[in-house]
Amino acid sequence: MTANNSTNISDTQANKPSVTSGQGQQMWGGRFSEATDSFVAAFTASVGFDQRFAKHDIQGSIAHATMLGKCDILTQEEVDTIIQGLHKVQQEIDAGEFNWSVALEDVHMNVESRLTDIIGTVGKKLHTGRSRNDQVATDIRLWLREEVDNIFELLVKLQSGLLNLAEQHTDTIMPGFTHLQTAQPVSFGHHVMAWFEMLNRDTERLIDARRRINQMPLGSAALAGTTFPIDRTITADLLGFEGICQNSLDAVSDRDFAIEFTSAASILMMHLSRMSEEIILWMSAQFGFVQIPDRFCTGSSIMPQKKNPDVPELVRGKAARVFGQLITLLTLMKNQPLAYNKDNQEDKEPLFDCVDTLTGSLLAFVDMLPNIIPNKENMRAATMKGYATATDLADYLVRRGVPFRDAHEVVGNAVALGIKEGVDLSELQLEQLQQFSDAIGDDVFDYLTLEGSLAARDHLGGTAPNQVLQAVARGRERLAQYNINVK
């Protein structure tokens, strides 16, 4: 993947479109006997948000014009004139000098109209062999492909930061939880590597989704293809598409790729939300496990002692927003007959919001997560409170020939005694433990320490410190294949 490092998501709000009216300004108005109502023009226009595609619309138009020239549909002089004019339009947009008009409905008509103003009648030839239906389908794929590359780069950077954090804390002991109750000792590094694995599945989903995003619909025209002798492979090569949509009806009406991306984004945001929930809990006074940098927190207007984890809380909340955009797109498409329908104009704002929300959340996490500071003493003390080595004692007895179910009962009795005495299993006397089973020897305490518990789980995927180090090394190998320079 080639990543785009730009994350400015507000620049498309500049140059608000002006509202003009008049049938003469509609580039499709020849068939109509009266002008479009000004409210209808504003209501049906999409230029207020799809101008975000301007760069990609111009890229697609340059490739389309080039193809028309190579296929002898336009002369080379016409092609050169069109391309020079399109570059001029792009310069005006970049400089903030472009006048967006609601009367021209969308980004495509605005660009084409301005092109014609600049170069004259030859500008009207650009639309030969294509429709706005396949044009917008191409624009959205080009735009989303670029955004996916940017998201992918952020995701790899976040994973790299987690690997560094895990490597620093392979022997920092904390309680592992089930049902939010202390279960067994794990290392903080092992827990961080669980986060890494969640995100690694997200990277794989994005890679797979990108392949289906990167298919070219251009050349399908309105719905049935075109009578002109075009060569779609030329355009696909120029635009860097991996493949070409094989059916014109499907090509102009398909939004599966947007739904698939939003689904992958939803799963990724669900993962970020789960991480956020743990950070929020761990920062509370009741846990006191971690701190995050002050720049990701706020205080209280009335309680001076407060340090609120606002960024994790917001990410947890924004996950619901992305989930909602997935449902919006699914609902939008669920009852549309082939081929293109005006409903599809409503696909862009949910997709834009999904991309912006996910990008912002990843930007925050890329800086925040690798800078988590664990409170080792509090983590260790919490692990001591929940009889976290009970399973280790049961495993010890099994290795001594005691059936597991019997060992389970022995350990349960030992835990009950510990609760009564107010001590951990490792703090009971040998004679106290031996009253429950004569299989217990004086070496039992080697297995009841927290360090011993971690070291004993020395297998692939286990929490033993050397296994966590190996997992970190494997993680770095996985990230290296993406050829992204992570500083």
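Here is what the cut-offs are and how they apply
- Residues numbered from 1 in each chain as written.
- Predicted model: local features only at pLDDT ≥ 70, side-chain atom pairs only at ≥ 80, totals over all residues.
- Heavy atoms only, no water.
- Salt bridge = Lys/Arg side-chain N within 4 Å of Asp/Glu carboxyl O.
- Helix = DSSP H or I, 4+ residues; strand = E, 2+ residues; numbered from the N terminus.
- Buried < 20%, exposed > 50% of the residue type's maximum accessible area, 1.4 Å probe, protein only.
- Domains from an automatic or database assignment.
- Contact = heavy atoms within 4.5 Å.
- Buried area = accessible area lost by both parts, 1.4 Å probe.
- Polar contact = N/O pair within 3.5 Å; in protein donor to acceptor, adjacent residues only side chain to side chain.
- Nonpolar A, V, L, I, M, F, W, Y, C, P; charged D, E, K, R; others polar.
- 1 Å grid on protein atoms, 1.4 Å probe; cavity = no way out; pocket = protein on both sides within 12 Å on 5 of 7 lines; lining within 4 Å.
- Points joined across faces, edges and corners; volume = space filled by probe spheres on them.

K.L.:
Break down the pattern of salt bridges for me, citing the residues and quoting the values.
P.N.:
What the rule picks out here adds up to 25 salt bridges. Ionic pairing is found between Lys125 and Glu78, a salt bridge with its closest N-O pair at 2.4 Å. Here Lys125, found in the loop between helix H5 (107–119) and helix H6 (132–168), pairs with Glu78, found in helix H4 (residues 76–94); they are 47 residues apart in sequence, far enough to count as distant. Judged by its relative accessible area of 36%, Lys125 is partly exposed.

K.L.:
Please give an account of the domain arrangement of the protein that cites residues and values.
P.N.:
When the domains of the protein are assigned, the result is domain 1 (40–125), domain 2 (132–175 + 185–233 + 241–380) and domain 3 (387–486). Each side of the interface is counted separately: domain 2 has 25 residues, and domain 3 has 22 residues. Carbon and sulfur atoms make up 70% of the area that domain 2 and domain 3 hide from each other, which totals about 2,100 Å². Put simply, domain 2 and domain 3 have three salt bridges between them. One salt bridge in this structure joins Arg478 and Glu197, with 2.6 Å as the shortest N-O distance. For the pair domain 2 and domain 3, the interface holds six residue pairs in polar contact (both at pLDDT 80 or more). For the side of domain 2 that touches domain 3, the secondary-structure elements that each account for two or more residues are H6, strand S2 (181–187) and helix H7 (188–213). In terms of residues, the side of domain 2 that touches domain 3 owes the most to one element, H6, which gives 10 residues. The class makeup of the residues in the side of domain 2 that touches domain 3 is 10 nonpolar, nine polar and six charged.

K.L.:
I'd love a proper account of empty space enclosed by the protein, names of residues and values included.
P.N.:
Gaps left between atoms are located by rolling a probe of water-molecule size over the structure's atoms. If you walk through the whole model with that rule in mind, you get two cavities of 30 Å³ or more. Estimates place the volume of the second largest cavity at around 40 Å³. Every residue lining the second largest cavity is listed: His64, Met67, Met216, Leu218, Gly219, Ile230, Asp231, Arg232 and Thr235. Taken together, the elements giving at least two residues each to the lining of the second largest cavity come down to helix H3 (54–70) and helix H8 (232–239). Its residues placed into classes, the lining of the second largest cavity shows four nonpolar, three polar and two charged.

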